[in-house]
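Structural features, examined
Residue-level listing of the chains:
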Amino acid sequence: MPIPDFPIDGGCRCGRVRFQLSEAPWGEAACHCTGCQKMTGSAFSTTIIMPSSGFALIAGDTVIGGMHGEDVHHHHCGWCKSWVFTRPAADMGFVNVRATMLDDASWFAPWMETQTAEKLAWAQTRAAVSFERFPGMDEYEGLIARYRAERLQ
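Residues numbered from 1 in each chain as written. Predicted model: local features only at pLDDT ≥ 70, side-chain atom pairs only at ≥ 80, totals over all residues. Heavy atoms only, no water.

The next point concerns the nonpolar core. Core analysis: the biggest nonpolar cluster contains 28 residues, and Phe-19, Leu-21, Ile-48, Val-97 and Met-112 have the highest contact counts within it. Excluding residues that lie within four positions of it along the chain, Val-97 makes contacts with Phe-19, Leu-21, Thr-46, Thr-47, Ile-48, Met-50, Phe-55, Val-84 and Phe-85. (Core = buried A, V, L, I, M, F, W, Y, C linked by side-chain atoms within 4.5 Å. Buried < 20%, exposed > 50% of the residue type's maximum accessible area, 1.4 Å probe, protein only. Contact = heavy atoms within 4.5 Å.)

Below is the structure:
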């Protein structure tokens, strides 16, 4: 399914936290790490890698949930506890938005999958690109260019 025209909106399950995506994403991914499995209660998490300039929280406030680490902050709705998005602690120019929080996520399709070393044997995504762990930071520029060439046609 083609990527929709932007802006597009989304929010948590109860609707108290709302966000808007105003630019095309840098990627669509599934993460198979056991941390994501535990946070989602499923086989993997879904992620839309958004440039920070294309993400805006438009209603509500979030609380930090999941792992309370120094590297990343998992933002949840304080009321319904939905995991809405993740930001690296250091500004790296992107926000990872949970695809299932979109008002219409029907277009989402994992183009990349990460942490396949930890995936459940039955979990298949049909992603075009696969990594046993996370790709190196030096690989992302090429991955973004390839994703956009293949997916944003």
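Alright, that's what it looks like, and here's the rest.
Moving on to the packing of aromatic side chains. Per the counting criterion, the structure on display carries 3 aromatic pairs. Here the aromatic cluster, defined as three or more aromatic residues joined through ring pairs, consists of Phe-19, Phe-55 and Phe-85. A cation sits over an aromatic face here: Arg-98 above Trp-83, 4.0 Å from the ring centre. (Phe/Tyr/Trp six-rings, centres within 6.5 Å; stacked < 30°, edge-to-face > 60°. Lys NZ or Arg CZ within 6 Å of the ring centre and 35° of its normal.)

Turning our eyes to something else, we now look at the sheet that holds strand E5 (residues 55-59). If you walk across this open sheet you meet the 3 strands as E1-E2-E5, and the pairing is antiparallel. The sheet terminates laterally at strand E1 (8-11) and E5, the two strands that pair on one side only. With direction set aside, neighbouring strand axes in the sheet form an average angle of 30°. In the sheet, strand E2 (residues 18-21) pairs with E5 via 4 bridges, with the strands oriented antiparallel. In the strand pairing of E5, Leu-21 is matched with Phe-55. (Pairing = 2+ DSSP bridges. Helix = DSSP H or I, 4+ residues; strand = E, 2+ residues; numbered from the N terminus. Axes fitted to C-alpha atoms, helices over the stretch in contact; angles between N-to-C directions.)

Before going further, it helps to examine the environment of Met-137. With respect to the helices and strands, the residue Met-137 is situated in the loop between strand E11 (129-130) and helix H2 (140-151). Sequence separation between Met-137 and Gly-78 is 59 residues, and the spatial gap between their C-alpha atoms is 31 Å.

Attention now goes to the sheet that holds strand E4 (residues 45-51). One open sheet accounts for 8 strands, arranged E6-E7-E8-E9-E4-E3-E10-E11; its pairing is mixed. Looking at strand neighbours, the two that pair on one side only are strand E6 (62-65) and E11, the edges of this open sheet. As paired strands, E6 and strand E7 (residues 72-77) are joined by 4 bridges and run antiparallel to one another. Bridging from a neighbouring strand, Gly-65 pairs with His-74 of E7.

When the terminal C-alpha atoms of H2 are compared, their 16 Å separation across 12 residues agrees well with the 16 Å that a helix rising 1.5 Å per residue should span. Every buried residue of H2 is listed here: Leu-143, Ile-144, Tyr-147 and Arg-151. Projected down its long axis, H2 shows its buried positions confined to an angular sector of 100°, all on one face. Contact partners of the buried residues in H2: strand E3 (27-31), strand E10 (112-114) and E11. (Expected span 1.5 Å × (residues − 1). Arc of directions from axis to C-beta.)

Time to look at the pairing of E1. Pairing of E1 with E2 involves 4 bridges; the strand directions are antiparallel. In the sheet register, Ile-8 faces E2, and the bridge partner there is Leu-21. Counting the residues in the hairpin turn of E1 and E2 gives 6 residues, including Gly-15, whose phi is positive at 90°.

For the structure shown, the criterion picks out 4 salt bridges. Where Glu-150 meets Arg-146, a salt bridge forms, and the shortest distance between an N and an O atom there is 2.7 Å. Note that Glu-150 and Arg-146 are positioned in helix H2 at a spacing of 4 residues, about one turn of the helix. Classification of Arg-146 as partly exposed rests on a relative accessible area of 39%. (Salt bridge = Lys/Arg side-chain N within 4 Å of Asp/Glu carboxyl O.)

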